[in-house]
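# Structural overview for review
In case you want the letters, here they are:
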Amino acid sequence: MKGPSNYSFRRATPSDLSMIRRWLYLPEVTRWWGDPVEQIEIITEDIELAEIATLIVSYRNRPFAFVQHYDAHQWPQAHFDPLPENTRCLDAFIGVADMMGCGHGRMFLRLLVDMLIERGAPLIAIDPDPTNEGAIRCYEAIGFVGHREYETSEGPCLLMTFDPKRQG
């Protein structure tokens, strides 16, 4: 998938796992994603699943981020229950330190959100840790709106949604 920019998305493959593993050990990624060993095990399983799109994001052909999207109702989580059918949920991180805090997250996530909306998703959801102020500001800048906090098995989250009908 090529966006109308210098950003591109491609399906992650098992050969990407060593790069993703390195990214998971960056302190800023570990802070929000948790134990890198546990996360790489989950991502290793997810890469093989057709139901979840695990993507490597590149800027000018330089891989720098991981993002996945999946149907909100594929893996039941109580805070996703009220979301409409075919809502896509996102999980993402930037894995290259010099690419953090430069606006790349806003750019590639907005491109991905637009692609998912064009493919028919009625709503896009993301659920950051409520204390992850940088991520929340990024998502708000794209057009996500925060709703309420939930307690999940992985800790607290803030449910945020992007509704294309609300966008001007």
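The model shown is predicted, which means the values in this text are computed figures rather than measured ones.

### Structural notes on the side chain of Ser 58
Here Ser 58 lies in strand β2 (residues 52–59). Ser 58 has contacts with Asn 6, Tyr 7, Ser 8, Pro 63 and Phe 64, leaving out every residue within four places of it along the chain.

### With respect to the pairing of β2
Within β2, 7 of the 8 residues are buried, which leaves the element mostly enclosed by the surrounding structure. The pairing of strand β1 (residues 7–11) with β2 spans 5 bridges and is antiparallel. Counterpart to Phe 9 in the pairing with β2 is Val 57. Here β2 runs beside strand β3 (residues 62–71); their pairing, made up of 8 bridges, is antiparallel. Counterpart to Ile 52 in the pairing with β3 is Tyr 70. Counting the residues that bridge the hairpin from β2 to β3 gives 2 residues, and of these Arg 60 lies at a positive phi of roughly 50°.

Basis of the calculations
Residues numbered from 1 in each chain as written. Predicted model: local features only at pLDDT ≥ 70, side-chain atom pairs only at ≥ 80, totals over all residues. Heavy atoms only, no water. Helix = DSSP H or I, 4+ residues; strand = E, 2+ residues; numbered from the N terminus. Contact = heavy atoms within 4.5 Å. Buried < 20%, exposed > 50% of the residue type's maximum accessible area, 1.4 Å probe, protein only. Pairing = 2+ DSSP bridges.

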